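What the coordinates show
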Amino acid sequence: MNIEKLVRKNILKLIPYQSARRIGGDGDIWLNANESPNFDYFDLIDVSLNRYPEFQPKKLLDAYSSYVDVDVNTILITRGADEAIELLIKTFCNPLEDKIIFFPPTYDMYEISAKILGIESIGLPLLESFQLNIDLIVDNIFNVKLIYVCNPNNPTGNIVNAQDIIFLLELTLGKALIIIDEAYIEFCPIYSMVNLLKKYSNLVILRTLSKAFSLAGLRCGFILSNIKIIKVLSKVINPYPISIPVSEIASRALNKKNVDIMRKRVLDLNLNRIWLVQKLRLMKCVDTVFNSFSNYCLVRFFDSEIIFKELYSNKIIVRDQSKKINLHNCIRISIGSFFECQSVIRVIKKIDHIYKNFRG
Ligand SMILES: *Cc1c(COP(=O)(O)O)cnc(C)c1O
């Protein structure tokens, strides 16, 4: 049987998300998925699994509500932020009618989710400063339902100007939703847009426990918005999106002690980033280290392929970004432990002398 005849046409053409796990590699030091380098153990005793879980486990809702200081009925728990990205398109976009926009270079899943669901997506490139091109957005706003803004942006690491986001919220009020993906906001919490949720009924914020909370393997995320939007999303999400073990562990990860541990880890990683950025800026093979507000930094080398291969052959796995729009010769390096950051510098230093001609 020719299975291709049965598969939806958009799926036949689809290039799936190139997750770090799918790309694989043989490494000792993993700096390609913005994961946390350290972890805590959570054991699960006294958990019975014969019953279905609560649709939205109350204990976890309460815990996240007190962590972000918003009302419980303005939160929806999801299977990671990735499920949230897709759920919004499923809920709000009419096929053959509505579009989404996103701003490359950015996180790939906005475009991939739209493609899977057969919804048109438009990538409007960021300016050279990695800020939004507002004129371009205004010119392309027709029939747009959802606008995905990643802040801080992955993989560039910068913060999107707040006045641009506010401009978009005003521009689209009553016509489209602005979705701010705050997957990395714990690394720069003062830039969160949470305080605007009360003012703008078209604002949606995505959160996750995968990054700063060191729980990528748990698969737990959150949508923050207003009661009306959470209600309609609740109609579409799976009947039991959060398994009992996930909600048990996530609730514990959000208690006061563990939130303090998370904040301490963020502090350490931010210091490691400052150290790594400073060392990289002294290297002759480095063209630019872009300012980052997150647990990774984007680096433009004079020849990123040589650097990638050298790190790879020393079992340090980083993320090649050089094929992405405006990111030629760029590599994204996740911020690991201090030892891991030192290892990156040690390996690059060994071949840095080749570049003596580039800089004085
Ligand atoms: C990692 C990441 C996600 C996915 O988060 P999960 O909760 O693990 O699904 C979403 N958005 C951005 C920008 C990310 O980098």
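To keep things clear, this report deals only with the structure shown in the data block. Here the structure is a predicted model, which means the values were calculated and not measured.

Points about the sheet that holds strand S7 (residues 203–208)
Taking strand neighbours across the sheet as the criterion, the 7 strands line up as S2-S8-S7-S6-S5-S3-S4 in an open arrangement whose pairing is mixed. Lying at the two open borders of the sheet, with one neighbouring strand each, are strand S2 (75–78) and strand S4 (120–123). Neighbour-to-neighbour, the strand axes of the sheet open up by a mean angle of 20°, direction not taken into account. By the bridge criterion, 3 bridges tie strand S3 (residues 99–102) to strand S5 (residues 144–150) in an arrangement that is parallel. Bridged to Lys99 within S5 is Val144.

Concerning the pattern of salt bridges
Enumeration according to the criterion identifies 17 salt bridges in this entry. Among the salt bridges present, the one from Asp26 reaches Lys315, with a minimum N-O distance of 2.9 Å. On the criterion of sequence distance, the pair formed by Asp26 in the loop between helix H2 (20–23) and strand S1 (29–30) and Lys315 in the loop between helix H11 (304–313) and strand S11 (316–317) is long-range, its members being 289 residues apart. Given a relative accessible area of 47%, Asp26 falls into the partly exposed group. Here Lys315 falls in the partly exposed class, since its relative accessible area comes to 30%. Of the charged contacts in the structure, one is a salt bridge between Lys90 and Glu86, with a shortest N-O distance of 3.7 Å. Linking Lys90 with Glu86, this pair stays in helix H4 (residues 80–92), spanning 4 residues, or about one helical turn.

About the criteria used
- Residues numbered from 1 in each chain as written.
- Predicted model: local features only at pLDDT ≥ 70, side-chain atom pairs only at ≥ 80, totals over all residues.
- Heavy atoms only, no water.
- Pairing = 2+ DSSP bridges.
- Helix = DSSP H or I, 4+ residues; strand = E, 2+ residues; numbered from the N terminus.
- Axes fitted to C-alpha atoms, helices over the stretch in contact; angles between N-to-C directions.
- Salt bridge = Lys/Arg side-chain N within 4 Å of Asp/Glu carboxyl O.
- Buried < 20%, exposed > 50% of the residue type's maximum accessible area, 1.4 Å probe, protein only.

All quantities given are derived from atomic positions and should not be read as evidence of function.
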